[in-house]
Amino acid sequence: MAEDVVTSPTLWDRISNWTSENKAVVYTVAGVLVVTVAGGSVYYYNRRKPRARGGSIAGEKTSIATSTSDSEEPASPSASGSPGVAGSKKKKKKSKKPSPPSASLSDETPSNTANSPDLSKATSAEKKAHADSLKKIGNSAYAKKDHATAIAYYTKAIDVYPSDPVYFSNRAACHAAKQDHESVIRDTTRALELDPSYVKALNRRANAYENVGRLQDALLDLTASSILDNFETVSATNGIERLLKKIAEAKAQEMLKDRSSRMPSHSFVSAYLDAFRPRTPPVITSTDESKGDVHLKRALDAIARRQYKQAVEHLAVTEGKAFSSSELEALALNTSATFKFVRADVESALREIDRSIELSPQMTNSYVKRASMHMELNDRDATLRDFGTAIEINAEDPDIYYHRGQCNFIVQEFSAAAKDYQKSIELDPSFVFSHIQLGVAQYKLGSISASMSTFRRCISRFPNSAEVFNYYGELLLDQGKFEEAIDKFDQAIALERGGTQTNTSDSLSASMSTASLADNLRQQNVMPLINKALAVFQWKKDIAQAEELCRRALMLDDESDVALATLSQFLLTQGKARDALQYFEKSAQVARTEPEIVNALSYAEATRTQLELERKYPDLAQRMATIAQAARAQQSAS
């Protein structure tokens, strides 16, 4: 990721941290963890250890209220012969084992059954008994992988007694073994018409749906079967996760086709740019529109005013134009690469930053940014090489150590990160983020008292920095010191609203005119509002205030991924799944990288599945609501 301020969380890191560190209630729908801090969502967190399933497709079907006690499914010839995810499930209480077939396939062949009794006047019980004898022969044939014969006998059983869903499900198992997925869908659908709570039929149909590309239908079936099965069949829950990922990845690929031109949220871009110390801009006097100089100047002026889209437009005009010096051209390429990087077009960004380094090999800023690009591509060796080269060029550049510290932080090498932040502070103590990140690294290392001391010194040195109060509040919140944390968030919000904070360094005014400083009052950082929303909910369970704070954040930055994700969670908490879905989908639209888009879409698909489940299976939705209520009661008691 673009490592602006590492503790400023991305969409999914934020949710994960809140879940794991603050012990919010977690449920799951369709295998995806969703934070639902309270309320009526149907998401379920399985706190019991899942029981491993065997590969056999033998076993009894289950339902909410009843099961067909005498239903007997065919014994699988081997674990590998089990179609789909229709693994059997052991019962908590001892259940009646299916009796062995009354006749083997060799004892009772189609010719032997030609003289079957005349059932035209038989009772329903007599028809059922005869159909069961036919089914047992089918089971024996299936066990020997004689699927054609098994299908014939299951069909005979259905002709005699068409009201038993097991016959259809067993025949579906044979079709699955023959890869006849459409026939599987037909037979399992008929079985489910007879018994909507038939778990094995749901699993078999889900497998067939997946094989024919009907992924949403497969996801719904597996979700329903998992609820019926109390999320205890591992193969089903794993299948749910796989389906969610497949659906989300396919949709993400469509979204990514035209993503390179999309600017991420204003807050994200500001955070990344603020992670570099301000530099005195070059003096550009040219007004020649045919040259790149004037367009570069306009881009730099737009950046100073936080008008990032205009800056990108001016930079686009510089492409292919001549510059008065190689240094200015290198700066233009460096700046253009920066905006391509924040738009997640890393490949194009690398081409431009490489060219910038060729034109101006002494510009350490280009090596630092290229190191970040390599980090995003998970090329740790190239990342460290670029930092090493930058140090060889100018070992006194504090930005090198700060950003190397960020990369160390990302890979959780907190001790190395702390040393880099300290070196950055020694070279330039006026840069607030070096102090903030040092305090956070100390906290991650378990040095809580040292971290708190660092933040108290930060407040004394940077009393107008909203970021100091915000991150200090986050660490207090992590310790459960809610009142103190909210006080810090309120101070950060006031500073953001007043526009008086010093976001980068004490020397900012030295490099910018008074007019530029007025223009530089950026759009407010929404993180203090989001953090306060989390704090008031965790402390007071005030969902109304938490939601209102999130909506205020979105009024300030309607593309903030963190605000969108957090509001979605609060809406789910209140049972407003339809509204939450809209915000999850928007969070996918504003997400920066492919993994973030996939995660956002996974949440959206899970929510969409919940809505479809409520429509198609209202009894299951009610069952999940009961489970959710029990989970909330358990959390309140703990």
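Above this text is the structure in question.
This is a predicted model, so every value here is computed, not measured.

*Asks:* Any chance you could explain the overall build of the chain here in plain terms?
*Replies:* Counting its secondary structure elements, the chain contains 28 helices and two strands. Within the chain, the fraction of its 638 residues that count as buried is 55%. At a minimum sequence separation of 6, the contacts of the chain that also span at least 24 residues come to 66%. A total accessible area of about 27000 Å² is found for the chain, and carbon and sulfur atoms account for 50% of it.

*Asks:* Whenever I open this one, the pattern of salt bridges confuses me. Can you help?
*Replies:* Counted according to the given criterion, the structure contains 32 salt bridges. For the salt bridge of D217 with R214, the shortest nitrogen-to-oxygen distance reads 2.9 Å. Given a relative accessible area of 37%, R214 falls into the partly exposed group. Several salt bridges converge on common partners, so that one network encompasses R277, R279, D397, D399 and D428.

*Asks:* What is the right way to look at the packing of helix α3 (residues 147-160) against helix α4 (residues 165-177) in this model?
*Replies:* To characterise two packed helices, one gives the angle between the axes of the helices and the distance between these axes. Running from N to C, α3 and α4 cross one another at 160°; their axes reach a closest spacing of 9 Å. It follows from the interaxial angle that α3 and α4 lie roughly antiparallel. Here the hand of the crossing between α3 and α4 comes out left-handed. Residues H147, A150, I151, Y154, T155, A157 and I158 of α3 touch α4, and the partners they reach there are Y167, F168, N170, R171, C174, H175 and A177. Among the residues making up the contact of α3 with α4, the classes are represented as nine nonpolar, four polar and one charged.

*Asks:* When you look at helix α5 (residues 181-194) in this model, what are you seeing that I'm missing?
*Replies:* Three or four residues apart is the spacing at which side chains of an α-helix point the same way, because the helix has 3.6 residues per turn. An ideal rise of 1.5 Å per residue puts 20 Å on 14 residues; α5 measures up with 20 Å between its terminal C-alpha atoms. Residues of α5 that are buried: H181, S183, V184, I185, D187, T188, A191 and L192. Each element contacted by the buried residues of α5 is listed here: α4 and α6 (199-211).

*Asks:* I would appreciate a short explanation of helix α12 (residues 326-342) in the present structure.
*Replies:* End to end, α12 covers 24 Å across 17 residues, agreeing with the expected 24 Å (1.5 Å per residue, within 8%). Counting buried residues in α12 gives 13 out of 17 residues, a clear majority hidden from the surface. Phi turns positive one or two residues past the end of α12, at A344, with a value near 70°.

*Asks:* Would you explain the packing of aromatic side chains in this entry?
*Replies:* The geometry of an aromatic ring pair is captured by the separation of the ring centres together with the interplanar angle, meaning the angle of the planes. Taken as a whole and judged by the stated rule, the model has eleven aromatic pairs. Arranged with centres 5.9 Å apart and planes meeting at 45°, the rings of Y402 and Y421 form a pair that is tilted. Here Y402, found in helix α16 (residues 398-410), pairs with Y421, found in helix α17 (residues 414-427); they are 19 residues apart in sequence, far enough to count as distant. Consider the rings of Y402 and F431, whose centres lie 5.3 Å apart with planes at 85°: the pair is edge-to-face. You can see Y402 sitting in helix α16 and its partner F431 sitting in the loop between α17 and α18 (432-444), a full 29 residues away along the chain. Comparing Y402 with F431, the two get one shared label, buried. Ring pairs connect the aromatic residues Y402, Y421, F431 and F433, which therefore count as one cluster. Sitting over the ring of F276, K369 keeps its end group 5.2 Å from the ring centre. Above the ring of F537, the side-chain terminus of K541 is found at 5.8 Å from the ring centroid.

About the criteria used
- Residues numbered from 1 in each chain as written.
- Predicted model: local features only at pLDDT ≥ 70, side-chain atom pairs only at ≥ 80, totals over all residues.
- Heavy atoms only, no water.
- Helix = DSSP H or I, 4+ residues; strand = E, 2+ residues; numbered from the N terminus.
- Buried < 20%, exposed > 50% of the residue type's maximum accessible area, 1.4 Å probe, protein only.
- Contact = heavy atoms within 4.5 Å.
- Areas by Shrake-Rupley, 256 points an atom, 1.4 Å probe, with all protein chains shown as cover.
- Salt bridge = Lys/Arg side-chain N within 4 Å of Asp/Glu carboxyl O.
- Axes fitted to C-alpha atoms, helices over the stretch in contact; angles between N-to-C directions.
- Parallel < 35°, antiparallel > 145°, perpendicular 65-115°, else oblique.
- Left-handed = near helix turned anticlockwise from the far one by under 90°.
- Nonpolar A, V, L, I, M, F, W, Y, C, P; charged D, E, K, R; others polar.
- Expected span 1.5 Å × (residues − 1).
- Phe/Tyr/Trp six-rings, centres within 6.5 Å; stacked < 30°, edge-to-face > 60°.
- Lys NZ or Arg CZ within 6 Å of the ring centre and 35° of its normal.

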